[in-house]
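Chain and residue survey
The residues making up each chain are set out below.
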Amino acid sequence: MSENIKVAVRVRPFNQREKDRGAKLVVQMEGDTTIIKHPKNECEPKKFSFDFSYWSHDGYKEDETGYMYPDSPQYCDQERVFKDLGEGVLTNAWKGYNCSLFAYGQTGSGKSYSIVGYGAKQGCHSSSLSETFFKNIRKSYSKSKRRIRSNSCYD
């Protein structure tokens, strides 16, 4: 499977410290474009295009387990990040290709949350990853069992 490098950006909700300081949201997203506005000047906003621009700042509801699911079409949950980015990496790794998935950003920007997650909010390294991994192991085991049986060897 041939794939190129994919670049994604994700905007997380304000943390409590940011809320307490009265932080102002200066980012908006339109499709795969991320727009950054200067907080004080009315100058022209900066626009950046990525493979994926994920909005996770608001537009969600939290269930009793703590999982945040979309309440608006713009909101991107952990499952969508995994499907867009993690699934292809896992599939290629399982086929024997060298693969990498890494997050880069400022301290507290949400890297660990997106990749690992917390509690019910598992990230790309999630139970979905584990499920896929073990499904492939079972499939491989089943194939090797058939191969052994066809050579007149039995378990």
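Overview of the overall build of the protein chain
Scanning the protein chain for helices and strands turns up four helices and nine strands. Traced from its N-terminal end to its C-terminal end, the protein chain shows the element sequence β-α-β-β-β-β-β-β-α-α-β-β-α. Out of the 155 residues in the protein chain, the part that is buried amounts to 22%. Here the analysis covers contacts within the protein chain between residues at least 6 apart in sequence; of these, 45% occur between residues at least 24 apart. When the accessible surface of the protein chain is totalled, it reaches about 11200 Å², and 51% of it is carbon and sulfur.

Examining the sheet that holds strand 2 (residues 27-30)
Strand order in this open sheet of three strands is 2-3-4, and the pairing throughout is antiparallel. Each edge of the sheet is formed by a strand with only one pairing partner; in this case those strands are strand 2 and strand 4 (46-49). Within the sheet, the average angular offset between the axes of one strand and its neighbour, ignoring direction, is 25°. Both strand 2 and strand 3 (residues 33-36) contribute to a ladder of four bridges, which runs antiparallel. Counterpart to E30 in the pairing with strand 3 is T33.

Concerning the side chain of S56
Mapped onto the elements of the fold, S56 is located in the loop between strand 5 (52-55) and strand 6 (60-62). In this structure S56 comes out as buried when scored by relative accessible area, which is 3%. Within the structure, S56 has its side chain in polar contact with the side chain of R10 (distance 2.9 Å).

A short note on the nonpolar core
Counting five residues, the largest nonpolar core consists of F52, Y54, C76, V81 and L85. For this core, the secondary structure elements donating two or more residues are strand 5 and helix 2 (78-94).

Some details on the confidence of the model for the protein chain
Per-residue confidence for the protein chain gives a mean pLDDT of 79, with 73% of residues at or over 70. Per-element mean pLDDT across the protein chain ranges from 58 in helix 4 (residues 127-150) up to 96 in strand 4.

Topic: the pattern of salt bridges
Enumeration according to the criterion identifies three salt bridges in this entry. The closest approach of N and O atoms between E18 and R12, which form a salt bridge, is 2.9 Å. Since its relative accessible area comes to 24%, R12 is described here as partly exposed. Salt-bridge contacts for R80 lead to D84; the nearest nitrogen and oxygen are separated by 3.8 Å. Residue R80 and its partner D84 are both found in helix 2; the two are separated by four residues, about one turn of the helix. Classification of D84 as partly exposed rests on a relative accessible area of 22%.

Some points on the pairing of strand 3
Hairpin connection, strand 2 to strand 3: the antiparallel pair is bridged by two residues, and G31 has positive phi, about 65°. Here strand 3 pairs with strand 4 via four bridges, running antiparallel. Directly across from I36, in strand 4, lies its bridge partner K46.

About the cut-offs
Residues numbered from 1 in each chain as written. Predicted model: local features only at pLDDT ≥ 70, side-chain atom pairs only at ≥ 80, totals over all residues. Heavy atoms only, no water. Helix = DSSP H or I, 4+ residues; strand = E, 2+ residues; numbered from the N terminus. Buried < 20%, exposed > 50% of the residue type's maximum accessible area, 1.4 Å probe, protein only. Contact = heavy atoms within 4.5 Å. Areas by Shrake-Rupley, 256 points an atom, 1.4 Å probe, with all protein chains shown as cover. Pairing = 2+ DSSP bridges. Axes fitted to C-alpha atoms, helices over the stretch in contact; angles between N-to-C directions. Polar contact = N/O pair within 3.5 Å; in protein donor to acceptor, adjacent residues only side chain to side chain. Core = buried A, V, L, I, M, F, W, Y, C linked by side-chain atoms within 4.5 Å. pLDDT = per-residue confidence, 0-100. Salt bridge = Lys/Arg side-chain N within 4 Å of Asp/Glu carboxyl O.

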